[in-house]
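If you want the building blocks of each chain, they are given just below.
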Amino acid sequence: MVPTSRYATCAGYEIHYMEWGAPDAPVVIAWHGLARTGRDMDELAAHLAPRYRVICPDTLGRGLSQWARDPAAEYQLAFYARIAAELFDRLGIERAHWVGTSMGGAIGTVCASGLFQPQLKERITSLVLNDNAPCLAEAALQRIRSYAGAPPAFDTVLELEAFFRQVYQPYGWLSDAQWRRLTETSTRRLADGRVTPHYDPAMVQQFTMHANDYLIWDHYDALDIPVLCLRGEQSDLVLRETTAEMLTRGPGLRGLTRVVEVPGCGHAPALNVPEHYALVDAALHGAQVRAGTVLG
């Protein structure tokens, strides 16, 4: 199935997204990670598209979306939630499931809680958190801070691909064609002709200006929807003690949270192979059973 590339104005910015599937199908929002783009969700979206309308945005400052005019104030979860709320309205989305990788999972959590955007409280019906949790390991956050604000530049696209293959090795298995597409869909050329990852380096101000932005237990505790946490088996960002705590509070206390460790991956599973699809399929199906809206 061929997706459509679209743009919407949200919170005063042009936000790019890929849209898959029939416009009248149940909606899945598939949101990418910190330094990535919505095209990371291509494989999962293609798998889901025969049954769902899948929306894969580029976050502000990533991919083909505009960059923030006020990075210190706008590169943070509260502003991303505002963008998401306006995207729901622009696209006429009443209800949606949410699948988020890393940062995309945190955005989904703060949207579904309704604490930032109360109008979203009843509109997100399930969450899949792909190697994301309400509390992240400080050592891993320090690692992210150290590289995210200074993306490397290379003379050639193939050199950039080699870099991506190294730093995203924890994603697990990708085919050569998938590595090439990952590279080509997240590359921009600098004024001097070199190539670099396709994001605004100023987005790292989320960490410097909002040090506890990813400490979101209050949002998690406010959830009353099914939550599936996919933890990469070798993840250094989501610790086992954190996923254990998720089962004892908020939706976990109400029996709505499941945690599954994904073998052969660290941070974060690429959601690009049948074993990953099956986990997402089961979560979406279970949420629809709970809501009484199972597809035929």
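Residues numbered from 1 in each chain as written. Predicted model: local features only at pLDDT ≥ 70, side-chain atom pairs only at ≥ 80, totals over all residues. Heavy atoms only, no water.

Colleague: Lay out the overall build of the protein chain in plain terms, naming residues and giving numbers.
Modeller: On a plain count of helices and strands, the protein chain comes out with 11 helices and 10 strands. The C-alpha atoms of the protein chain give a radius of gyration of 18 Å, which matches the 19 Å a tight globule of 296 residues would have. Considering only C-alpha atoms, the protein chain reaches an extent of 55 × 40 × 40 Å along its principal axes. Working note: accessible area of the protein chain is about 11800 Å², and carbon and sulfur atoms make up 54% of it. (Helix = DSSP H or I, 4+ residues; strand = E, 2+ residues; numbered from the N terminus. Rg over C-alpha atoms; globule rule 2.2 N^0.38 Å. Areas by Shrake-Rupley, 256 points an atom, 1.4 Å probe, with all protein chains shown as cover.)

Colleague: Now, about the packing of helix H3 (residues 77–90) against helix H4 (residues 103–113): what can you tell me, with residues and values included?
Modeller: Two quantities define a packed helix pair, namely the angle between the axes and the distance from one axis to the other. Between H3 and H4, the shortest axis-to-axis distance is 9 Å and the interhelical angle comes to 75 degrees. Overall, the two elements H3 and H4 adopt an arrangement that is roughly perpendicular. Two secondary-structure elements touch here, H3 through Leu77, Tyr80, Ala81 and Ala84 and H4 through Met103, Ala106, Ile107, Val110 and Cys111. Residue composition of the contact of H3 with H4, by class: 9 nonpolar, no polar and no charged. (Axes fitted to C-alpha atoms, helices over the stretch in contact; angles between N-to-C directions. Parallel < 35°, antiparallel > 145°, perpendicular 65-115°, else oblique. Contact = heavy atoms within 4.5 Å. Nonpolar A, V, L, I, M, F, W, Y, C, P; charged D, E, K, R; others polar.)

Colleague: Go over the pairing of strand E2 (residues 13–20) with me, naming the residues and quoting the values.
Modeller: The buried fraction of E2 amounts to 7 of the 8 residues, a majority that puts the element mostly inside the structure. Bridge count for strand E1 (residues 4–10) against E2 is 7 bridges, and the pairing is antiparallel. Note that in E2 the partner of Ser5 across the bridge is Met18. Between E1 and E2, which follow one another and run antiparallel, lie 2 residues, and Ala11 among them has a positive phi close to 55 degrees. Bridge count between E2 and strand E4 (residues 53–57): 4 bridges; the pairing is antiparallel. If you follow Trp20 over to E4, its bridge partner there is Val54. (Buried < 20%, exposed > 50% of the residue type's maximum accessible area, 1.4 Å probe, protein only. Pairing = 2+ DSSP bridges.)

Colleague: Outline the sheet that holds E1, listing residues and values.
Modeller: With mixed pairing, the 8 strands of this open sheet are ordered in space as E1-E2-E4-E3-E5-E6-E9-E10. The open sheet has two edge strands with one neighbour each: E1 and strand E10 (257–262). Strand-to-strand twist across the sheet, computed as the mean angle between neighbouring axes with direction ignored, equals 20 degrees. Most of the contacts of H3 go to E1, to which it runs at about 115 degrees, and overall it touches E1, E2, strand E3 (27–31), E4, strand E5 (96–101) and strand E6 (124–130). In this fold H4 packs onto E3, E5 and E6, with an angle of close to 145 degrees to the strand it touches most, E5.

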